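An overview of the molecular structure
What follows is each chain in one-letter form.
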There are 2 protein chains.
Amino acid sequence: MLSEKPLLPSVPFRECPIQVSLGVLGRKWTMLILRDIGFLKVDRFNQIMRATPGLTPRILSLRLSQLEEAGFLRRVETDHSVRWALTDKGEDTLPLLLGFIEFGSKWNADEVFEDKRPRRLSELFPGLPLRKVA
Amino acid sequence: MLSEKPLLPSVPFRECPIQVSLGVLGRKWTMLILRDIGFLKVDRFNQIMRATPGLTPRILSLRLSQLEEAGFLRRVETDHSVRWALTDKGEDTLPLLLGFIEFGSKWNADEVFEDKRPRRLSELFPGLPLRKVA
DNA sequence: CTGCATCCGATCGGATACTG
DNA sequence: CAGTATCCGATCGGATGCAG
């Protein structure tokens with residue numbers, strides 16, 4: 001994949017896109033909250049709490065506001081309850097999460113799978129539409 | 001991309017692969033250090049410091065040991081100097097980093113590019129070999 | 001039960017100085 | 001050049017309380 005020389009973009013970066021992406025996204029629990037909402041379809045406060053062992057209400061509340069503020073989530077108030085929905089920007093983080101699923105399924109198979117055998121995304125999600133990335 | 005129902009893998013996860021991937025990887029500065037070594041080809045302690053404004057020697061030292069311990073990096077001692085190299089596992093994080101580059105180039109274009117115009121990976125790195133993922 | 005707020009100890013990260 | 005040591009503030013996590 002790599003040569004000896006720096007990989008330079010055709011248009012220079014004013015700021016590193018990796019660094020600017022890692023605002024809220026880089027904080028603890030954030031990715032897992034996006035996983036809950038985006039993949040597990042768990043979109044209410046205490047459901048997210050139950051889906052994410054170790055997460056406390058204080059941190060969840062904090063991250064939800066930060067994610068809303070940064071435009072990843074939308075707070076949806078329906079009759080007597082609150083739901084959290086992904087915005088378009090939030091949905092665009094799901095490929096990043098799939099990247100981590102792929103990585104973990106390959107390099108941490110012993111913890112991820114009962115039989116400890118590494119697996120690829122195509123095996124885990126046979127029907128998933130594939131997109132070209134890198 | 002999404003339905004209303006949870007996205008379930010063909011083989012159940014014993015632990016969430018996203019969560020297990022986010023050990024050292026999820027800590028502050030880790031991704032940028034991997035960027036320095038993997039993309040910028042900056043592989044020495046003080047070079048990494050200079051390439052990463054805000055990073056302090058204490059944290060860099062800490063992250064390098066953690067990354068080495070977790071199998072992402074190899075410490076290479078050559079004549080009178082130390083270099084840090086990616087292992088195979090470390091190289092496999094580069095697609096994740098490209099994901100963040102793609103994300104930031106789309107959603108934070110105002111900070112990333114002088115002309116504030118969002119760009120795709122294929123425009124930024126025309127020659128980059130593309131692989132199907134998700 | 002849901003969606004927080006408050007307090008408080010533990011851990012993490014930043015600043016600075018210093019060494020082989 | 002390649003890190004350590006020390007100190008301190010910021011953030012995190014755990015327990016508890018509380019209103020709707």
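For the structure itself, consult the block above.
Residues numbered from 1 in each chain as written. Chains lettered and ligands numbered in written order. Predicted model: local features only at pLDDT ≥ 70, side-chain atom pairs only at ≥ 80, totals over all residues. Heavy atoms only, no water.

1. Section: the protein's contact with DNA strand D
Lining the immediate surroundings of DNA strand D are 19 residues, of which A:Lys28, A:Arg58, A:Arg63, B:Ser61 and B:Arg75 lie closest. Of everything in DNA strand D that lies within 4 Å of the protein, sugar and phosphate atoms constitute 62%. One of the backbone N or O atoms of B:Val82 is found 3.1 Å from a phosphate oxygen in DNA strand D. Looking at the surface near DNA strand D, the elements with two or more residues in it are helix H4 (57–69) of chain A together with helix H3 (45–51), helix H4 (57–69) and strand S2 (81–86) of chain B. Split by residue class, the surface near DNA strand D holds six nonpolar, five polar and eight charged. (Near = heavy atom within 4 Å. Polar contact = N/O pair within 3.5 Å; in protein donor to acceptor, adjacent residues only side chain to side chain. Helix = DSSP H or I, 4+ residues; strand = E, 2+ residues; numbered from the N terminus. Nonpolar A, V, L, I, M, F, W, Y, C, P; charged D, E, K, R; others polar.)

2. Quick look at the pairing of strand S2 (residues 81–86) of chain A
The pairing of strand S1 (residues 73–78) of chain A with S2(A) spans six bridges and is classified as antiparallel. Residue pairing across strands places A:Thr78 opposite A:Ser81, the latter belonging to S2(A). (Pairing = 2+ DSSP bridges.)

3. Some words on the interface of chain A and chain B
Each side of the interface is counted separately: chain A has 72 residues, and chain B has 71 residues. Interface of chain A and chain B: buried area, both sides summed, is about 6,600 Å²; carbon and sulfur atoms make up 70% of it. Taken together, the links from chain A to chain B amount to two salt bridges. Here A:Asp92 makes a salt bridge to B:Lys106, at a shortest N to O gap of 2.6 Å. (Contact = heavy atoms within 4.5 Å. Buried area = accessible area lost by both parts, 1.4 Å probe. Salt bridge = Lys/Arg side-chain N within 4 Å of Asp/Glu carboxyl O.)

4. With respect to the relation of the copies chain A and chain B
Between chain A and chain B, the superposition needs a rotation of 180° and an axial shift of 0.0 Å, giving an RMSD of 0.1 Å. One copy is carried onto the other by what is essentially a two-fold rotation axis. (Least-squares fit on C-alpha atoms with pLDDT ≥ 70 in both.)

5. Notes on the protein's contact with DNA strand C
Close contacts around DNA strand C come from 16 residues, with A:Phe45, A:Ser61, B:Trp29, B:Arg58 and B:Arg63 the closest. A share of 60% is what sugar and phosphate atoms reach among the atoms of DNA strand C within 4 Å of the protein. Separating a phosphate oxygen of DNA strand C from a side-chain N or O atom of A:Arg50 is a distance of 3.4 Å. In this structure, a phosphate oxygen belonging to DNA strand C sits 3.1 Å away from a side-chain N or O atom of B:Lys28. For the surface near DNA strand C, the elements supplying multiple residues, two or more each, are helix H3 (45–51) and H4 of chain A together with H4 of chain B. Within the surface near DNA strand C, the residues separate by chemical class into five nonpolar, three polar and eight charged.

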